[in-house]
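# Inside the fold
Residue strings, one per chain:
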Amino acid sequence: MKIKKRHIVLAALIIALGAAVYLNWRFSDTSSMISPSSKELGKATYVSADASATNDEAKTASKALSASDEYFAKAATDREQAQDKALSIAKDTLTLSDSSDDAKEEAAEQLKELEDRILAQSNIEGILKTKGFSKCLCFLSDEGCSVAVLKDEIKENSPLIIKDAVQSQYEIDFNKITVLEV
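Residue positions are counted from 1 within each chain, in the order its sequence is given. Reporting of local features is limited, given that this is a predicted model, to residues whose pLDDT is at least 70; pairs of side-chain atoms are given and counted only at 80 or more, and all residues count toward the totals for whole chains, interfaces and linings. Hydrogen atoms and water are omitted, and side-chain values are computed over all heavy atoms in the structure.

## Observations regarding the overall build of the chain
Helix and strand counts for the chain stand at four helices and three strands. In sequence order, the secondary structure elements of the chain are arranged as α-α-α-β-β-α-β. Looking at the 182 residues of the chain, the share that counts as buried comes to 23%. Contacts between residues were defined by any pair of non-hydrogen atoms, one from each residue, lying within 4.5 Å. Pairs at least 24 apart in sequence give 59% of the contacts found in the chain among residues at least 6 apart. For the purposes of this entry, the term helix denotes a DSSP run of H or I that reaches at least four residues, the term strand denotes a run of E that reaches at least two, and both are numbered from the N terminus. The cut-offs for exposure are 20% and 50% of the maximum accessible area for each residue type, with area from a 1.4 Å probe on protein chains only; residues under the lower value are buried, those over the upper are exposed, and the others partly exposed.

Pasting the structure below:
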């Protein structure tokens, strides 16, 4: 009788260990988390001693930087306008006296959900800025979460850091979080 119990316990432990190894393998696959990039480790870059090439490169870099600054500013403004519009519609529904109780309840629920999303977006962006991302934007929706960061700040483990920050503030599946490089 004791031998059977030991075998059962041993079999259960082996199955649990196998499941843990499989889950670790399944969720640690980082190749799908990083979008394709032109950067390669160990790739040689030639440096020119020509001053005009340096100035041209500096101008190109400043244009790219201003384009990304422009993107982040415009995207943040667009997001705030859309959120303000949704908030005002929900508040108007709550204040209308001819709205039914069901409509008011639904509006209150939507208002609470929208406020929670706005707070989570703000918290996620704050966390990411403290983790070294100078510019980032978080977009939460029913379908998932998209986080835009500067392409130059993406490192090998950046997607994991970003996804961890999102999951710490908002309940969402790991595979529904998208990292966008700007």
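## Considering the side chain of S158
By the secondary structure assignment, S158 is in helix 4 (residues 158-169). Take S158: its relative accessible area is 2%, and that puts it in the buried class. A distance of 2.8 Å separates a polar side-chain atom of S158 from the backbone nitrogen of K155. Apart from residues lying up to four places away in sequence, S158 is in contact with F133 and E153. Identification of polar contacts relies on pairs of N or O atoms within 3.5 Å, with a donor-acceptor requirement for protein atoms, meaning one able to donate a hydrogen and the other able to accept it, and with residues adjacent in sequence counted only if both atoms are side-chain atoms.

## Considerations on the environment of K163
Examined against the element boundaries, K163 turns out to sit in helix 4. Sequence-wise, K163 and T178 are 15 residues apart; in three dimensions their C-alpha atoms are separated by 8.2 Å.

## Some words on the sheet that holds strand 1 (residues 136-140)
Paired strands, as defined in this entry, are two strands with at least two bridges between them according to DSSP. Spatially, 1-2-3 is the arrangement adopted by the three strands of the open sheet, whose pairing is mixed. Every other strand in the sheet has two partners, leaving strand 1 and strand 3 (177-181) as the edge strands with one partner each. On average, each strand axis in the sheet is inclined to that of its neighbour by 15°, with strand direction left out of account. Where strand 2 (residues 145-149) lies against strand 3, five bridges are found, and the strand directions are parallel. Looking across to strand 3, one finds that V149 is bridged to E181. An axis is simply a line fitted to the C-alpha atoms; with a helix, the fit covers only the stretch in contact. Between two such axes, the angle follows the N-to-C directions and lies from 0 to 180 degrees.

## So, helix 3 (residues 101-130)
Taking 1.5 Å as the rise per residue, helix 3 with 30 residues should run 44 Å; its terminal C-alpha atoms sit 43 Å apart, in good agreement. Among the residues making up helix 3, those that are buried are A107, L111, L114, R117, A120, Q121, I124, E125 and L128. Immediately downstream of helix 3, the backbone of G132 shows phi near 110°, a positive value. Multiplying 1.5 Å by the helix residue count minus one yields the expected span of that helix.

## Describing the nonpolar core
We call a set of buried residues a nonpolar core when its members are Ala, Val, Leu, Ile, Met, Phe, Trp, Tyr or Cys and they connect through side-chain atoms within 4.5 Å of each other. Formed by 18 residues in total, the largest nonpolar core has its most connected members in L128, L140, C145, V147, V149, I162 and V166. Contributions of two or more residues to this core are made by helix 3, strand 1, strand 2, helix 4 and strand 3. Those residues in contact with L140, other than ones at most four positions away along the chain, are R117, A120, Q121, I124, C145 and Y170.

## Things to note about helix 4
For helix 4, built from twelve residues, the straight-helix expectation of 16 Å at 1.5 Å per residue is met to within 8% by its first-to-last C-alpha distance of 17 Å. Residues of helix 4 that are buried: S158, P159, I162, K163, A165 and V166. Along the axis of helix 4, the buried positions cluster into a sector of 155°, meaning they face one direction only. Residues of helix 4 that are buried in the fold lie against helix 3, strand 2 and strand 3. Directions are taken from the helix axis to each C-beta atom, and the arc is the one they span.

## Here we look at the state of the cysteines
Cysteine sulfur pairs qualify as disulfides if the two atoms are within 2.5 Å. In the structure shown here, the tally under the stated rule is zero disulfides. We note that C136 lacks a disulfide partner, and the nearest cysteine sulfur, in C138, lies 8.2 Å from it. Free of any disulfide, C138 has its nearest cysteine sulfur in C145, 3.7 Å distant.

## Some points on the packing of aromatic side chains
Only Phe, Tyr and Trp rings take part, Trp by its six-membered ring, and two of them pair if their centres are within 6.5 Å. Stacked means planes under 30 degrees apart, edge-to-face means over 60, and tilted covers everything else. One pass over the structure, following the stated rule, counts zero aromatic pairs. Cation over ring: K163 sits above F174, and NZ or CZ is 5.0 Å from the ring centre. Lysine NZ or arginine CZ positioned within 6 Å of the ring centre and within 35 degrees of the ring normal marks a charge as sitting over the ring.

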